[in-house]
Amino acid sequence: MSVTSPSKVPLATLDRFYIGGEWVVPSTDATIDVVDPSTEEVFFRIAEAKDADVARAAGAARDAFDSGPWPRMSHQERATYLRALAAGLRERAADTGEIWPRESGVLHSFAMLTGEGVPGVYDYYASMADTYPFEERATPTAGGEFGLLVREPVGVVGAIIPWNAPTFLIAYKLAPALIAGCTVVLKSSPEAPGEAYLVAEVAAAIGLPPGVLNVVTADREASESLVRDPRVDKISFTGSTAAGRRIASICGERIARCTLELGGKSAAVVLDDIDLAEVADTLSAAACANTGQVCSSLTRIVVSRSRHDALVDALAAAFSQVRVGDPFDASSQMGPLAMRRQRDRVEGLIAKGIAEGARLVTGGGRPKDLDRGWYVEPTVFGDVDNASTIAREEIFGPVLSVIPADDESQAVEIANATIYGLNASVFTNDADRARAVAGRLRSGTVGHNAMRTDFGVAFGGFKQSGIGREGGTIGLQAYLETKFVILNEIPSVYRTAGG
């Protein structure tokens, strides 16, 4: 199969898959067009994996785990490869800056910052080779002289990446899996596969052992075959709650491990002692990041009824000043949505909000000075009923719903009245009140006077926002199994000079 790509694409091998340490020919001639959301033109064409290709990748990862050197290396030896990955990705930060905006519409400036910062994730997990207690003594309580609590790799990992922030999410799945000793099948999104291929090219360049990392691009059917494959011990998935339910049910059938980072409909609870102009500026900047295509976005704004109109006006003023345009234009503050179907969905939900009685305050349409690209105006609704569609469903676009509450207790009740529990924030000048309200919110993260998420410690959600956590030490634990070794005497390596 011959696949040509424009010279602006900084990737060498788009017509093959990276499997078993080699760039292999696909089983079919099927391809996927990756379309630039700001121009609506094909950015590049890439090979599409079918069931046979996914099975080949799973087999390579299984062989590498069962028979290869990777799981049998010391953690320090594996750390050397992670640091080499970090160095290689750091050298190609500009390529991330070129690819990500043309796949998902994110601003070039933000893509560059990510490309420069994400290599640090690999360095961070490499450092755990010397700091994490992969093996520690534990006293047996039911017989035996000597006990060792050992944390071993879970095995073969299927890492399924979404289209909105691939560089970032690949790092927080791949880096902890590799330092743990796992082997990985990285399944990239058909809308945004470039970053996974960039990682594969760096892995090949540094000589990562064959089968440790395998990269394919597949749509839903072939992706499901990865989840079903008995050779895959764990699935790590980031994406929609609907897809997460499906993955969880399949993993449940065969008791496969899974980490699921799913959707959100996150609330900002605005108390009565905070300046509303500051709140509006903060929420506006957060809501427009990546054109609102962020699972943890604060999209439900809950405020006292007496301050509702004032906050709506402040948000409308802030949103109306956002400069929407080409992601590569330094003056742009928000780019396009990632794809046509995403814009169709956002516009459909905006229409639904109007039909159900919410008050459209600003936005709701397409920027009049942009005649191509999947752009949408930053949008604010006021007087939103928390039971309405726009308050229940994840829109995944720059759309805020302002919801009035009678008092603080009702505000917390409204914030918790959702199937999701990924993120939240409390806006108040009183840290004690912020802590008290945070304790009542059913959410994996609660910020104070800002949208906060912290992969350096832990990220994940309550309820249908997911299972497990990513990032930090907790993110490493997700790729480990715990084994207790009970011996009848102390091994010589653990004996001290005094016995």
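Residues numbered from 1 in each chain as written. Predicted model: local features only at pLDDT ≥ 70, side-chain atom pairs only at ≥ 80, totals over all residues. Heavy atoms only, no water.

**Q** For the overall build of the chain, give the residues involved together with the corresponding values.
**A** The number of helices and strands found in the chain is 16 helices and 22 strands. Structurally, the chain occupies a C-alpha span of about 75 × 60 × 40 Å along its principal axes. In the chain, which comprises 499 residues, the share counted as buried stands at 57%. Sequence-distant contacts in the chain: of pairs separated by 6 or more residues, those separated by 24 or more amount to 73%. When the accessible surface of the chain is totalled, it reaches about 19,700 Å², and 49% of it is carbon and sulfur. Seen as two clouds, the 48 positive and the 63 negative side-chain charges of the chain have centres 4 Å apart. (Helix = DSSP H or I, 4+ residues; strand = E, 2+ residues; numbered from the N terminus. Buried < 20%, exposed > 50% of the residue type's maximum accessible area, 1.4 Å probe, protein only. Contact = heavy atoms within 4.5 Å. Areas by Shrake-Rupley, 256 points an atom, 1.4 Å probe, with all protein chains shown as cover. Lys, Arg positive; Asp, Glu negative; His and termini not counted. Charge placed at Lys NZ, Arg CZ, Asp CG, Glu CD.)

**Q** Report on the sheet that holds strand β18 (residues 423-427), specifying residues and quantitative values.
**A** Read across the open sheet, the seven strands follow the order β14-β15-β16-β13-β12-β18-β19; overall the sheet is mixed. Two strands close off the open sheet at either side, each with one partner strand: β14 (359-362) and β19 (445-448). In this sheet, neighbouring strand axes are inclined to one another by 25° on average, regardless of whether the strands run parallel or antiparallel. Of the pairings in the sheet, the one linking strand β13 (residues 298-304) to strand β16 (residues 399-405) comprises five bridges and is parallel in character. (Pairing = 2+ DSSP bridges. Axes fitted to C-alpha atoms, helices over the stretch in contact; angles between N-to-C directions.)

**Q** For the pattern of salt bridges, give the residues involved together with the corresponding values.
**A** Counted under the stated rule, the structure contains 28 salt bridges. Taking the shortest distance from any N to any O, the salt bridge between R45 and D33 comes out at 2.6 Å. With R45 in strand β4 (residues 41-47) and D33 in strand β3 (residues 31-36), this pair connects stretches of sequence that are twelve residues apart. On the basis of relative accessibility, which here comes to 33%, the residue R45 falls in the partly exposed class. Take D33: its relative accessible area is 38%, and that puts it in the partly exposed class. Here D309 and R359 are joined by a salt bridge, their closest N and O atoms 3.6 Å apart. (Salt bridge = Lys/Arg side-chain N within 4 Å of Asp/Glu carboxyl O.)

**Q** So, the environment of A204: which residues are in play, and what are the values?
**A** On the secondary structure map, A204 appears in helix α7 (residues 194-206). Along the sequence, A204 and E22 sit 182 residues apart, while their C-alpha atoms lie 7.8 Å from each other. In this structure, A204 is in contact with Y18 and W23, ignoring residues within four places of it in sequence.

**Q** Tell me about the packing of helix α10 (residues 276-288) against helix α11 (residues 308-320), residues and numbers included.
**A** In contact at an axis separation of 8 Å, α10 and α11 are set at 45° when each is read in the N-to-C sense. Taken together, the axis directions place α10 and α11 in an arrangement best described as oblique. The handedness of the crossing between α10 and α11 is right-handed. Packed against α10, whose contacting residues are L276, V279, A280, D281, L283, S284 and A287, the element α11 presents A310, L311, A314, L315, A318 and F319 at the interface. Across the contact of α10 with α11, the residue classes break down as eleven nonpolar, one polar and one charged. (Parallel < 35°, antiparallel > 145°, perpendicular 65-115°, else oblique. Left-handed = near helix turned anticlockwise from the far one by under 90°. Nonpolar A, V, L, I, M, F, W, Y, C, P; charged D, E, K, R; others polar.)

**Q** Give a description of α7 that names residues and reports values.
**A** Between its first and last C-alpha, α7 extends 19 Å over 13 residues, near the 18 Å set by a 1.5 Å rise per residue. Of all 13 residues that make up α7, ten are buried, and the element is covered over most of its length. Looking at α7, one finds that the buried residues are G194, E195, A196, Y197, L198, V199, A200, E201, V202 and A203. Immediately beyond the C-terminal end of α7, within one or two residues, lies G207, with a positive phi of roughly 75°. (Expected span 1.5 Å × (residues − 1).)

**Q** Run through the sheet that holds strand β22 (residues 480-487), naming residues and quoting values.
**A** Here we have three strands laid out as an open sheet, ordered β5-β6-β22, and antiparallel in their pairing. Either end of the sheet is taken by a strand with one partner, and the two such strands are β5 (135-137) and β22. Shown here is a sheet whose adjacent strand axes are inclined to one another by a mean of 20°, direction ignored.

**Q** Could you give an account of the nonpolar core, naming the residues involved and the relevant values?
**A** Here is a general trend for soluble globular proteins: nonpolar side chains tend to be buried in one another's company. In this structure, Y122, Y125, V184, L186, L213 and L476 are the most contacted members of the largest nonpolar core, which totals 99 residues. The element that contributes the greatest number of residues to this core is helix α6 (residues 166-180), accounting for ten residues. I395, I403, A424 and L441 belong to the second largest nonpolar core, which has 27 residues in total. (Core = buried A, V, L, I, M, F, W, Y, C linked by side-chain atoms within 4.5 Å.)

**Q** I'd like a description of the side chain of H75, backed by residues and values.
**A** Within the secondary structure layout, H75 lies in helix α2 (residues 75-91). Each residue touching H75, except ones within four places of it in the same chain, is listed here: A129, F134, I179 and A180.

**Q** I'd love a proper account of the layout of surface pockets, names of residues and values included.
**A** Of the voids in this model, the second largest pocket is the one considered here, and its volume is about 180 Å³. Taken together, I32, D33, V34, V35, E103, P190, E191, A338, M339, R340, R341 and W374 make up the full set of residues lining the second largest pocket. When residues of the lining of the second largest pocket are traced back to their parent elements, those giving at least two are β3 and α12 (340-355). For the lining of the second largest pocket, a count of residues per class yields seven nonpolar, no polar and five charged. (1 Å grid on protein atoms, 1.4 Å probe; cavity = no way out; pocket = protein on both sides within 12 Å on 5 of 7 lines; lining within 4 Å. Points joined across faces, edges and corners; volume = space filled by probe spheres on them.)

**Q** A description of the packing of helix α8 (residues 220-228) against helix α9 (residues 241-254) should follow, citing residues and the corresponding values.
**A** Interaxial distance between α8 and α9 falls to 9 Å at its minimum, and their mutual angle equals 30°. Judged on the interaxial angle alone, α9 and α8 are roughly parallel. Our pair here, α8 against α9, has a crossing hand that is right-handed. Where α8 approaches α9, its residues E224, L226, V227 and R228 are matched on the opposing element by R246, I247, I250, C251, E253 and R254.

**Q** Run through α12, naming residues and quoting values.
**A** For α12, built from 16 residues, the straight-helix expectation of 22 Å at 1.5 Å per residue is met to within 8% by its first-to-last C-alpha distance of 22 Å. For α12, every residue scored as buried is listed here: Q342, R343, V346, L349, I350 and G353. Considered in projection along α12, the buried side chains sweep an arc of 130° and stay on one side of the axis. Set apart from the buried face of α12 by more than 90 degrees, the exposed residues are R341 and A355. Lining the buried residues of α12 we find β15 (379-382), α13 (389-392) and β16. (Arc of directions from axis to C-beta.)

**Q** Just give me the short version of unusual backbone geometry, but keep the residues and values in it.
**A** Of note in this structure, D383 is not a glycine but carries a positive phi near 55°. Tracing the sequence through the fold places D383 in the loop between β15 and α13. Exposure remark for D383: the relative accessible area of 38% places this residue in the partly exposed category. A positive phi angle is found at F396, which is not glycine, with a value near 60°.

Shape descriptors only; they carry no functional weight alone.
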